[in-house]
Structure formats: structure tokens, C-alpha cells
Amino acid sequence: MGEEAAGTKLRIVCAKCGDTLAPLAHVCPRCPDALPRAEYAEKRFVMQDRGDIFRFAAWLPAEATVETTIGPTVFRSEQLAETLGLTELSVAFSGYAPEVTARNVTGTFKDFEALPTLLYLREHGATGVVLASAGNTARAFAYAAGVLGFPTTIVVPEAAAASVWVPARPTEDVRLIVLAKSADYATAIRLAGAIAARYGIHPEGGARNVARRDGMGTTILEYARIERRLPRHYVQAVGSGTGAIAAWEAALRLQATGEFGDPAPQLHLAQNVPFTPIHDAWTAGEEIEPERDVEGQLRRIAAITAPVLANRTPPFALEGGVRAALRATGGHTYAVTNSEIEAAQRLFEEREGLRIGPESGAALAALCQGLALGWIDRAESVLLHVTGNGDAVLRRDVALRPVPVWRRVPPERDAALQALDRAFAR
Ligand SMILES: *Cc1c(COP(=O)(O)O)cnc(C)c1O
């Protein structure tokens, strides 16, 4: 039955039928349209006495922890809060800025996913992993792979290849595969899936990976640790929406302790005009159609300031996915323009003294829209997620080194696999 020999820390359950799944399962055999979820034996909100992400190890799937500076940082805003007329604005600063104790060494909240994922995989006997990235995930996993010595294959479109650096000497553990002349994350996702199937490498799983989501959810746990309650509103820029699902799940876990009487935070999710599939589907009450007018989608992707948000295949309609999270929390979506993003980045830097990335600018622009529309009440608590600041501060403190390209392959699946057959056979 559901008993897992590997430990009693958690069960993986299907968000739809509730069945217990295998530890590393990404799909329920009965419900392909549902996310797996972690259900922890520890129901109380307990913390370890440490300052990093593993403070919340009870609600991360791996048994093991490692020394790291990576972890969520949450602080109360004064200046920006005053400008916006908010009484309780908190900022989750998930980039790198030692001045606010944020030391996420690849510059974004993708650092919250990588160590928990690789530790969990290792504990369950996986000997490697393959994943796709639009850039930021690649950096986080390339770094974590080096820390843990865990073989990691990463597929990125060529447009993102220049952003794959690590704050350390790159190691042999990483195989970086670049899709020549491509800017499409969805193509990288498909090739990563094909590599997993063909060479028997464990797929990372994206939104279906519980370690990834529970790592991202630590931002809400950190807010709850500090404020002893939940924020009324959670504001984040999304491409896949995995971080938003994670925030919702973390809130559910906190509610289930009985210590927090608050409702789950309302999700406010931002996308960058003209590429706004989650916003469009949510506002029109429709499904996302990733294969419709691909050329047009790629043209729109090329026009956005925050390219990390360009995901054509987000987990929108899945049970336990983005739409479910928006419905359950009474959430909203936003479409913000490049110039709104740039203005928001300037505003944040002026008021908080920290440079932020375009995705974080998109979140702040959405917060401004939400206030103007009356969807966010100025007297209510808001958690603004600054999901990253890239290398804006990092490069001041650390030498950043490019991850060498292992293979550059054509973006067409069959041609790519033909080229890779030889490489993986060696
Ligand atoms: C990945 C990423 C996002 C989008 O996150 P999702 O929740 O997966 O959609 C936002 N900001 C930054 C900096 C990111 O790296």
C-alpha cells in the first residue's frame, strides 16, 4: 500500500484522488491532470535554529540539509509603503543583497528549489536529473549540482545561455545543452522530457516537483514566522505560476496547524504584455492553448522585458494548479507593460535603495494596478515578492563564471537527439 520504506517524513499524494504515490512520482497513474503534493507527518509549524532555507526543513521533503546562505528574506517596507499609501507592506527579497541579509547566490528564488530538489532526489536513489530552464533555474541548479556533486543535465534556449553562470568554479557535474537559434522555453521543456525518456535520467518535473514547490513556499513560512499570521495579499510575477501554487500550499499547511486563523492570501499574479497567457486565460475563463499560433507567441515573447516569464505551457488547468489557486484564494491576474515594469524598478530602487530585476518590477507594477483598481485595500497586509535581482549586486561581491556549454544542438527534437545519442553514449 502507501507505506514507503524510505522514511516516514512525508507522503506524496495526488491533489485530486488523494492516493499515495511513489516518493519521486510526478503523475498520478489515475489522474494525469492533477499535481502531486507533499503531506508531511509534522503538522505543527516547527523551525530549526538556523537562518537559511533549512530552518523550515520539517516541511521540505529531504531528510538531509546542507550548509548554505540560501533562504527567504522578508522585511517590512517603510519608504515604498509610504509612497503607495500602504500601512502593512512586506517585501520578500529573494535575490542577493547582503544589506538586507539576502544571500541567494544565483540571484533569484530559483535557489529555493534547487538544493531541496537535488537532496530529495539523491535520498531516493536518483543518480542524475534533467531539466529545462529559461535561465534562472539553470543557474540555481548548476550551482546546487556543484555543491552536492550531483549529475545535472540542463537544457536552455540559446537566448538564455549567456545568463547561465555560477558564483563558483563550474564543475563536471553539469551538462549544459543549448538549443541553437532558439528563444523558446517550451522547446527546451520538450527536449528535456525526451532526454529523460531516452537516456533514463530522472526528469526534474517543473511544477510537478514537490521539492521545488515546497522550497518556493518557504517565503510564506518566513512571513508567518516573523508576523505570526498570513498576509492578506501575495503579489508575484509569474511565468509558470509554480511560485504562486507554492505560496497557496504553504498557506494551507499553516492554516492546518490551527495556529493561523487567517484566510489564505489572495494571489495577485503579474504577466508582461504582450505575452500574458495566464492572465488571458483567467480573465476570459478559457484554457491555455500552447500550440495555437506558435509564431505569434514567439513574436510576443521577443517583445517582453521580463523573458523569464515566457512560459507557453504553464500548469494552469491542472487540479491543484494555478487556476485552482486563483479560485481558492479569490485571486487576480494583471497584464503590465514594459514601461510600467521599468517605472516600477526605478520606484523600488528610489524608495528601498535596492535594484531589482524586471520580473520583480512586474510584480510591483501589478501591485500599483491592484491598488488603483481597488482590488487591494491599503489597510490590508501585502507581501510583495521581489523574486530576484539577478547579478545586480552579486557581481560586486563574487566572481561569476559562465557554465561551459556541453553540447549545442539543433532545436528540432529528432536532430537534437541524434546529436545527443553520440554524446550520451560516451
Ligand atoms: C522563475 C521566475 C519567476 C516566475 O516564477 P513562477 O512562479 O515559476 O512562474 C519570477 N521571477 C523570477 C526572478 C524568476 O526567476
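Conventions and cut-offs
- Residues numbered from 1 in each chain as written.
- Predicted model: local features only at pLDDT ≥ 70, side-chain atom pairs only at ≥ 80, totals over all residues.
- Heavy atoms only, no water.
- Near = heavy atom within 4 Å.
- Polar contact = N/O pair within 3.5 Å; in protein donor to acceptor, adjacent residues only side chain to side chain.
- Areas by Shrake-Rupley, 256 points an atom, 1.4 Å probe, with all protein chains shown as cover.
- Helix = DSSP H or I, 4+ residues; strand = E, 2+ residues; numbered from the N terminus.
- Nonpolar A, V, L, I, M, F, W, Y, C, P; charged D, E, K, R; others polar.
- Domains from an automatic or database assignment.
- Phe/Tyr/Trp six-rings, centres within 6.5 Å; stacked < 30°, edge-to-face > 60°.
- Buried < 20%, exposed > 50% of the residue type's maximum accessible area, 1.4 Å probe, protein only.
- Lys NZ or Arg CZ within 6 Å of the ring centre and 35° of its normal.
- Contact = heavy atoms within 4.5 Å.
- Buried area = accessible area lost by both parts, 1.4 Å probe.
- Salt bridge = Lys/Arg side-chain N within 4 Å of Asp/Glu carboxyl O.

K.L.:
Mind showing me how you'd approach the site of the ligand here?
P.N.:
Around the ligand, the surrounding shell holds 17 residues, and the nearest of these are Lys110, Gly239, Ser240, Gly243 and Thr387. One of the backbone N or O atoms of Gly241 is found 2.7 Å from an oxygen atom in the ligand. If the ligand stood free it would expose 380 Å²; the protein chains cover 96% of that surface. When contributions to the shell around the ligand are tallied by element, the ones reaching two or more residues are β13 (233–237) and α8 (242–256). Taken together, the residues of the shell around the ligand sort by class into five nonpolar, 10 polar and two charged. There are two domains that each give the shell around the ligand at least three residues, and those are domain 1 (74–107 + 211–394) and domain 2 (109–208 + 399–425).

K.L.:
Help me understand the packing of aromatic side chains, please; the structure alone is not making it clear to me.
P.N.:
Aromatic ring pairs are described here by two measures, namely the spacing of the ring centres and the angle between the planes. Evaluation of the coordinates by the stated rule reveals six aromatic pairs. Note on Phe45 and Trp59: the rings are 5.7 Å apart at their centroids and 25° apart in plane angle, and the pair reads as stacked. A residue pair is termed long-range when its members are at least 10 positions apart, and Phe45 in the loop between β3 (36–40) and β4 (74–76) and Trp59 in the loop between β3 and β4 qualify at 14 residues. Measuring from ring centre to ring centre gives 4.3 Å for Tyr199 and Phe424, while their planes differ by 20°; the resulting arrangement is stacked. On the criterion of sequence distance, the pair formed by Tyr199 in helix α5 (residues 185–199) and Phe424 in helix α15 (residues 413–425) is long-range, its members being 225 residues apart. Given a relative accessible area of 21%, Tyr199 falls into the partly exposed group. Positioned over the ring face of Trp248 is Arg37, at 5.3 Å from the centre of the ring. Positioned above the aromatic ring of Trp406, the side-chain terminus of Arg407 is 4.8 Å from the ring centre.

K.L.:
Would you explain the domain arrangement of the chain in this entry?
P.N.:
When the parts of a complex come together, some accessible area is lost, and that lost area is often used as the size of the interface. Looking at the assigned domains, one finds that the chain contains domain 1 (74–107 + 211–394) and domain 2 (109–208 + 399–425). Look at where the C-alpha atoms of domain 1 and domain 2 centre, and you get two points 25 Å apart. Opposite the 30 residues of domain 1 that make contact, domain 2 presents 28 residues. Across the interface of domain 1 and domain 2, roughly 2400 Å² is buried in total on both sides, 58% from carbon and sulfur atoms. When residues of domain 1 are sorted by the area they lose upon contact with domain 2, Thr106, Arg212 and Val308 head the list and together hold 30% of the total. For the pair domain 1 and domain 2, the interface holds four salt bridges. The shortest N-O distance in the salt bridge between Asp184 and Arg312 comes to 2.7 Å. Our count for the domain 1 to domain 2 interface comes out at nine residue pairs in polar contact (both at pLDDT 80 or more). Elements supplying a minimum of two residues to the side of domain 1 that touches domain 2: α6 (210–216), α7 (218–227), α8 and α10 (294–302).

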